[in-house]
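# Coordinate analysis (summary)
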Amino acid sequence: MITGSKLWSIAMITSLLAACSSPATTSTTANAATSTTGTTKTVSVSEQTSVKYADLVSLDADDTNISWSEADSTAIKLNGTTATVTGSGAKAANGSVTITEAGTYVLSGELTDGQIVVNVADKGTVHLVLNGATIHDNDSAAIYIQKAGKAVITLEKGTKNTVSDGKTYVYADATTDEPDAAIFSKADLTFNGAGQLTVTGNYNEGITSKDDLKIISGNIRVKAADDGIKGKDMVAIQAGTITIEAEGDGIKSTNDTDTTKGFVAIAGGTFDIQSGNDGIQAETALVTDGGTYNIVTAGGSANAPAKVEEGPFGGGGGGWGGGTPPTDMGTPPDGEPPADMPEMPNNSGTNAGANTNGTTSSSANTTATANTDTNADADTATTATESTSAKALKAGTDLTVNGGTYTIDSMDDSLHSNNNVTVNDGTFNIESGDDGIHADQELTINGGTITIAKSYEGLEGAIITLNDGDVDVTASDDGVNAAGGETETAASTDRATTATDAATASNISVTETTGTTSTTDQASQGTATTQQGRGPGGMGAASSNNEFHINGGTLTVNAGGDGLDSNGSINMTGGTVIVNGPTDNGNGALDYDGTFEISGGYLVAAGSSGMAQGTSDASTQNTIVMTFPSTQKAGTLVHVQDSEGNNILTFAPAKDYQTVVVSSPDLAKDGSYVIYSGGTSTGKAVDGLYTDGTYSGGTQVVAFQSTSNVTWVNESGVTTANSGMGGPGGGRGQGGFGGGRNRTQSGTTSESTGTTDAAK
């Protein structure tokens, strides 16, 4: 349960965060992100949420009680279609056992067609011990908790237990639709113990609680025609080994009327989930502290539908279908991409069960391929029509990952929140048919090792902040895309969504925050002569609410579309960023509509030249943008050194390239530099970047003197910034031109001053 004081804190912080993100919020902060009108200011705050399992879940003595004795319990011996009761509080009749008093009941043997019913009027705790029990009911739930204060099911150590139902249910009348799971409880339900439990929900769901559902321990296997494990008010898992094969969702919470409930909180455990829809889905918050997860949704990323990019006025930007990288993606320097994971079993999703009045019929309940997602992505929904959701981890409000190991192959987004996503730690190996990690609002990475080996877009959110961690992204479209959000420009406000109200109404996973505030001065965005990336006639204007902040960590991107894409601005103060951008001239390694201010860290971005952008003139750290006379082959070293021979850059891009952007603390505004192509290095490359060793054997392309903090050069020497009409891009369905546009001059504009040795 959540204590009153915690709920008050959550509500207060939620209100404060909502106020901070409102487009009408005013602030005296010097570096506030200012709208183009200059009349309002919006401050973006990147905060480290520290909410954990223990902040949301409390356990009582009954939850953890696994002890029992023959003297203090009632024995229920199951035998075919009958049962023998030894002790008080329970009666056997007509092949079923009804428990009417609180207490401990020990079940053993096999019931081939019958039901264990708990109906305790005084709301006491009923403790069921499965001590080698097999329970099956042909036309209803095998274990049905009708009424009790709490039900606790203990899996006795060393035992194997089985619970199952039939494919059709018989109800009292047409208005009745409960129970609908092999184990169904209208009261709080807790599982504990060290034994094994196999649950088969042939009719609909495996395990369902209409209140709290807690798993303290145990080895639990669930196979279900629809959802595997479902709790209304919460699903809380402390430990255990959980295996789920579900045509619908694997694990889910459903309370959508109380913002303090409907969450999923996991402290640890081992999870193997194959689901037709979402792997783990919380109606409100989803929090994971640790655990080992293997999740495959809807057969995996190979089953993702083809992505169809819209024309310029729909904001489409050069993506490829099905989340599958194009053939020119190249091979990442550190190895081959993993093979596709096996497909799911038959996902027809048609529930064979029935809701009948004393008779049986085919059920109309459709699950796997027709289950609907009322929290559909705002960036893909064009109407209020519900759609199938097959995400691995999904939260209606906030998704917070504090640790754990995750292996995910998802047809849809791998990590998704209709509000905020915060990754504080963890190891991720992701293959996604859509976004690797998606937040409708803020995506914050404070640590962890994240490998997105396959995605349509790697990281997506209205505001994205990288504070620490190691992130490696492969995407068929944009590697990182700061786009969307409820407060984006009016051009995108007509995008339909079915659940953003719930996302903004509460943020129950935030209990306290630490970390830094990242803000960006965007006052210059309203002036066409001082910003890069504005389209003709105002189309593609920067969104002051879309930001990408890089404060630390490492980020490696291999993108078929834009490498780093922001419909607003990019701000970099630290960390290391390596971008292997697009090979086509309709996208760029860097693509931003506002400014890209860099004051620290190390940046190298290689890609095509048609849409090339550098960093902004307002940056306090210097940048070189080199455009080669022709496309360079993948793996061809590009080397930059100063006049004293000190290494600035030695880099082997993973794909063909023509433009390279490098920004380093070692670059001086008035320094002399030489750029080489080809050659070799004795150092060791990490993601193509050499940080040690000796470079030799290359061909000098150009030598030049830098006279600005952003210096554009070609084989003839210092030149002007790239210019010309860019193609459509930016966020999906954002409206207007969101990619590269007419480029105003940035950096040095003097005539060529360098010397050139022709490349050989």
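Residues numbered from 1 in each chain as written. Predicted model: local features only at pLDDT ≥ 70, side-chain atom pairs only at ≥ 80, totals over all residues. Heavy atoms only, no water.

## Here's the deal with the overall build of the protein chain
Filter applied, for reference: Only DSSP runs of H or I with at least four residues qualify as helices, and only runs of E with at least two residues qualify as strands; both kinds are numbered from the N terminus onward. Using a 1.4 Å probe on the protein chains alone, a residue whose accessible area is under 20% of its type maximum counts as buried, one over 50% counts as exposed, and one in between counts as partly exposed. In this description, contact between two residues means that some pair of their heavy atoms is separated by no more than 4.5 Å. Exposure was quantified through the Shrake-Rupley algorithm and a 1.4 Å probe, taking into account, for residues, occlusion by the shown protein chains and nothing else.
A tally of helices and strands in the protein chain yields four helices and 62 strands. In the protein chain, which comprises 760 residues, the share counted as buried stands at 59%. Partitioning the contacts of the protein chain with sequence separation of at least 6, the portion at a separation of at least 24 is 61%. Accessible surface computed for the protein chain: about 26,300 Å², of which carbon and sulfur atoms make up 48%.

## Things to note about the environment of Gly 552
The residue Gly 552 is located in the loop between β43 (547-550) and β44 (554-559) in this model. Residue classification places Gly 552 among the buried residues on the basis of a relative accessible area of 9%. In this structure Gly 552 touches Leu 466, Asn 467, Asp 468, Gly 574 and Gly 575, once residues within four positions along its chain are discounted.

## Points about the pairing of strand β10 (residues 125-137)
The line we're drawing: If DSSP finds at least two bridges between two strands, the strands pair.
Bridge analysis of strand β8 (residues 103-111) against β10 gives eight bridges, and the strand direction is parallel. Among the inter-strand pairings, Glu 110 is bridged to a residue of β10, identified as Thr 134. Summarising the sheet, β10 and strand β12 (residues 150-155) pair through six bridges and their orientation is parallel. Paired with Thr 125 across the bridge in β12 is Lys 150.

## Some remarks on the side chain of Thr 208
Heads up, the rule is: Here a polar contact means two N or O atoms within 3.5 Å. Within protein one must be a hydrogen donor candidate and the other an acceptor candidate, and residues neighboring in sequence count only if both atoms are side-chain atoms.
For Thr 208, the position within the fold is in strand β18 (residues 205-209). Using a relative accessible area of 2% as the deciding quantity, one classes Thr 208 as buried. Side chain to side chain, Thr 208 and Glu 205 meet in a polar contact 2.7 Å long. When residues no more than four places from it in sequence are discounted, the contact partners of Thr 208 are Asp 180, Ala 181, Ile 183, Phe 184, Ser 185, Leu 189 and Lys 230.

## With respect to the packing of aromatic side chains
Quick note on the threshold: Put simply, two rings from Phe, Tyr or Trp (the six-membered ring, in Trp's case) pair if the centres are within 6.5 Å, and we call them stacked under 30 degrees between planes, edge-to-face over 60, tilted for the rest.
Inspection of the entire model under this criterion finds ten aromatic pairs. Judged by centre distance (5.8 Å) and plane angle (65°), the rings of Tyr 144 and Phe 184 are edge-to-face. Of this pair, Tyr 144 sits in strand β11 (residues 143-147) while Phe 184 sits in strand β15 (residues 181-185); the two residues are 40 residues apart in sequence, bridging distant segments of the chain. A residue is classified by how much of its surface remains accessible, and Tyr 144, at 8% relative accessible area, is buried.

## Some words on the pattern of salt bridges
Worth spelling out the cut-off: The term salt bridge refers to a pairing of a side-chain nitrogen on Lys or Arg with a carboxyl oxygen on Asp or Glu at a separation within 4 Å.
For the coordinates displayed, the defined rule picks out eleven salt bridges. A salt bridge links Asp 63 to Lys 150; its shortest N-O distance comes to 3.0 Å. Taken together, the positions of Asp 63 in helix α3 (residues 61-64) and Lys 150 in strand β12 put the pair 87 residues apart, joining distant regions of the chain. A salt bridge links Glu 205 to Lys 230; the nearest nitrogen and oxygen atoms lie 2.7 Å apart. Residue Glu 205 is found in strand β18, and its partner Lys 230 is found in strand β21 (residues 229-231); the two are separated by 25 residues along the sequence. Lys 230 carries the same exposure label as Glu 205, and that label is buried. Beyond isolated ion pairs, a larger network of salt bridges with shared partners links Asp 60, Asp 63, Lys 150 and Lys 214.

## Points about unusual backbone geometry
If a residue is not glycine, its phi is most likely negative; likewise, a peptide bond is most likely trans. That bond from Glu 178 to Pro 179 is cis: its omega, 0°, falls within 30 degrees of zero. Tracing the backbone through its elements, the reader meets Pro 179 in the loop between β14 (169-171) and β15. A positive phi is found at Asn 94, a non-glycine position, where the angle reads about 55°. Relative to the elements of secondary structure, Asn 94 occurs in the loop between β6 (90-93) and β7 (96-99). We classify Asn 94 as exposed; its relative accessible area is 83%. At Lys 123, a residue that is not glycine, the phi angle is positive and equals roughly 60°.

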